[in-house]
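Each chain, written out:
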Amino acid sequence: MSLKSFINQRNLSRYKKLVQEINKHYQIIQHYEQKELVEALDNLTNNPSLSLKHKTIQAMAIAKRAAQIVLGMTYYDVQLMGALALVDGAMAEMKTGEGKTLTCSASVIANYVLGYRTHVATANDYLAARDEEQLRKLYSFLGLTSSSNISSMQKEQKKEAYLCDVLYSTAQ
């Protein structure tokens, strides 16, 4: 992953420290099952006194554990750094095969905890439908709704899709 072209060195150092904190929190929750993860996510979402940093760290640790249970996958540190960049509104360049789809899901879950519905922009309808389908189980496991918005959908279907917590669509 090439983060340097979009993120300055100071942010890169900050992301590395945050990833360490995410991994520390993950160690605490690594044996949680669905009920505990959903409760933890709800507590983060509904507690306005927690800092954005605290919420982001814990949400990504929860995402990491949920991905392990549901998808049999884990986030690598560089993927968590990419997800942190996305939460910050920055870009993270990733090559084919580096896990953009999974990386994005960690930032989606963090954004959900921070109170945002998230639109994930993909290159085409195929990727929008595929990525949403691949991650639907993960989102659903944590109580989030997801959908895709593809060009062949009817107006009413699109309206319904836009009500979801997570919407995958094209960047066009």
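Caption draft 1: How the structure looks around the environment of Ile22. Tracing the sequence through the fold places Ile22 in helix α1 (residues 9-29). Using a relative accessible area of 0% as the deciding quantity, one classes Ile22 as buried. Sequence-wise, Ile22 and Ile57 are 35 residues apart; in three dimensions their C-alpha atoms are separated by 5.0 Å. Every residue in contact with Ile22, bar those within four places of it in the chain, is listed here: Ile57, Met60, Ala61, Leu80 and Leu84.

Caption draft 2: Structural detail: the pairing of strand β3 (residues 166-170). Buried residues dominate β3, accounting for five of its five residues. Burial of the side chains of β3 extends over both faces: Val166, Tyr168 and Thr170 are buried on one face and Leu167 and Ser169 on the other. Sheet topology note: the strand β2 (residues 146-149)/β3 ladder contains four bridges and is parallel. When the bridges of β3 are listed, Asn149 appears paired with Ser169. Between β2 and its parallel partner β3, the chain crosses via helix α7 (residues 155-161), and the hand of that crossover is right-handed.

Reading guide: rules and limits
- Residues numbered from 1 in each chain as written.
- Predicted model: local features only at pLDDT ≥ 70, side-chain atom pairs only at ≥ 80, totals over all residues.
- Heavy atoms only, no water.
- Helix = DSSP H or I, 4+ residues; strand = E, 2+ residues; numbered from the N terminus.
- Buried < 20%, exposed > 50% of the residue type's maximum accessible area, 1.4 Å probe, protein only.
- Contact = heavy atoms within 4.5 Å.
- Pairing = 2+ DSSP bridges.
- Right-handed = clockwise from strand over helix to strand, strands pointing away.

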